[in-house]
Amino acid sequence: MATDEARAETVSGRQGRVTITDIARRAGVSVPTVSRVVNGRSDVSPGTRARVEELLRRHGYRKRAAAPGRRAALIDLVFNDLDSPWAVEIIRGVEEVAHAAGVGTVVSAIHGRSGDARQWMRNLRARASDGVVVVTSALDPVLHQELRILGVPLVVVDPAGAPDLDVRIVGAANHSGGRAATEHLLALGHRRIGLIAGPPRLLCSRARRDGYRAALEDAGVAVDESLVVPGDFRHESGFAACATLLGLPEPPTAVFAASDQMALGAIEALRRRGLRVPQDMSVVGFDDLPEVRWSAPPLTTVRQPLADMGRQAARAVLRRTRGEPADPPRTELGTELIVRSSTAPPPPPVPATPSR
């Protein structure tokens, strides 16, 4: 049976190749101790582990790849948070592919906190996962480096941006989705179209906003910046943003919300003002979460293939564990406009009251 030392016999560094013995000598520890750190063993003191891991990082360590054809047993699926309905859709896609392959799935949330990320990394070492699917808008470089140290295949599912790192990414066509939503409203005759945008730091938010702008410009409609209100993809921000739009001297006749949750928040804001959807204002969302077909009225939205993104990511991780040829660095899945009952032509203008 192969020992830990055999499984971790060399280190690849920026200055050439050094051995585990070299790392052990520089760290002032034994070769078995370095090997235990590399293989995620728990019987190493925190101070020693930190010292060895720093040396491994400095030399760009990569564990030797698994033998081609080896069957994976477990993959990790990691989110920043699990409180969004689209997380369930991604889990469904990953789990479907993993289950069909006889592979277990571990779902974790690190909440954007470094302490939670470190705890997750310790757990990953302990359970010896074969691959990782991360759902995040900003992949922590330290986390990425740790996974490289462990030699664990990594794929990022990217509904909220593109990490500036050399990783395999599965995403969606956000720009064309934003354009399709806006073109639908333009085709109905709307010209004052509000946008409840996502957080501007996220690439997906900027892409949806740019699609909105491109559709307006192509139709010869000037972009009115007062009609663009930021949100954070959640119900509450959609409610607040819609209230802001309704407070304008000339409110829009339609709203494109960059997430379904914000669209539902906007519909609630309209309802509380005594306004009807779509008779008084049309609303379009983005995601096509299962709940929106049951909203009142059923929501017109842009379908983001969340479950398919999860499936693609799981397949990519499993291919890498089997040593199969590498996938393209980024896969962008198409979006689709789903027309339901929340959109209609704009209401007729209210006649001006004659002055006396």
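Under the annotation held in an unreviewed UniProt entry, the chain carries the name LacI family DNA-binding transcriptional regulator and is attributed to Streptomyces violaceolatus.

Colleague: Looking at this structure, how should I read the overall build of the chain?
Modeller: The number of helices and strands found in the chain is 12 helices and 14 strands. When the 356 residues of the chain are sorted by exposure, 51% land in the buried category. Accessible surface for the chain amounts to roughly 16,700 Å². Of this, 53% is attributable to carbon and sulfur atoms.

Colleague: How do you make sense of the sheet that holds strand 4 (residues 104-109) when you look at a structure like this?
Modeller: Across the sheet, 6 strands lie side by side as 4-3-5-6-7-13; this open sheet has parallel pairing. Looking at the sheet topology across the chains shown, the edges are occupied by strand 4 and strand 13 (330-333). When the angles between neighbouring strand axes are averaged without regard to direction, this sheet yields 20 degrees. The pairing of strand 3 (residues 74-79) with strand 4 spans 6 bridges and is classified as parallel. Looking at strand 4, one finds that Asp76 is bridged to Val106.

Colleague: I would appreciate a short explanation of the sheet that holds strand 9 (residues 228-230) in the present structure.
Modeller: Note on sheets: strands pair through backbone hydrogen bonds, and any given pair is parallel or antiparallel. Overall, mixed pairing links the 6 strands, which are arranged 9-8-10-11-12-14 in an open sheet. Two strands bound the open sheet, and with one partner strand each, they are strand 9 and strand 14 (336-338). Sheet twist, expressed as the mean angle between neighbouring strand axes with direction ignored, is 20 degrees. Summarising the sheet, strand 12 (residues 300-303) and strand 14 pair through 3 bridges and their orientation is antiparallel. Residue pairing across strands places Val302 opposite Leu337, the latter belonging to strand 14. Relative to strand 11 (residues 282-287), helix 8 (residues 174-187) is tilted by about 165 degrees, and along the sheet it contacts strand 8 (193-197), strand 10 (254-257), strand 11, strand 12 and strand 14.

Colleague: I would appreciate a short explanation of the pattern of salt bridges in the present structure.
Modeller: Should the charged atoms of two oppositely charged side chains come close, the side chains can pair. A full pass over the atoms with the stated rule returns 18 salt bridges. Here Arg192 and Asp224 are joined by a salt bridge, their closest N and O atoms 3.2 Å apart. Separated by 32 residues along the polypeptide, Arg192 in the loop between helix 8 and strand 8 and Asp224 in the loop between helix 9 (203-218) and strand 9 bring together distant segments of the chain. With a shortest N-O distance of 3.7 Å, Arg303 and Glu336 are connected by a salt bridge. Placement of the pair is Arg303 in strand 12 and Glu336 in strand 14, with a sequence separation of 33 residues. The partly exposed category is assigned to Glu336, whose relative accessible area is 43%.

Definitions and limits used
- Residues numbered from 1 in each chain as written.
- Predicted model: local features only at pLDDT ≥ 70, side-chain atom pairs only at ≥ 80, totals over all residues.
- Heavy atoms only, no water.
- Helix = DSSP H or I, 4+ residues; strand = E, 2+ residues; numbered from the N terminus.
- Buried < 20%, exposed > 50% of the residue type's maximum accessible area, 1.4 Å probe, protein only.
- Areas by Shrake-Rupley, 256 points an atom, 1.4 Å probe, with all protein chains shown as cover.
- Pairing = 2+ DSSP bridges.
- Axes fitted to C-alpha atoms, helices over the stretch in contact; angles between N-to-C directions.
- Contact = heavy atoms within 4.5 Å.
- Salt bridge = Lys/Arg side-chain N within 4 Å of Asp/Glu carboxyl O.

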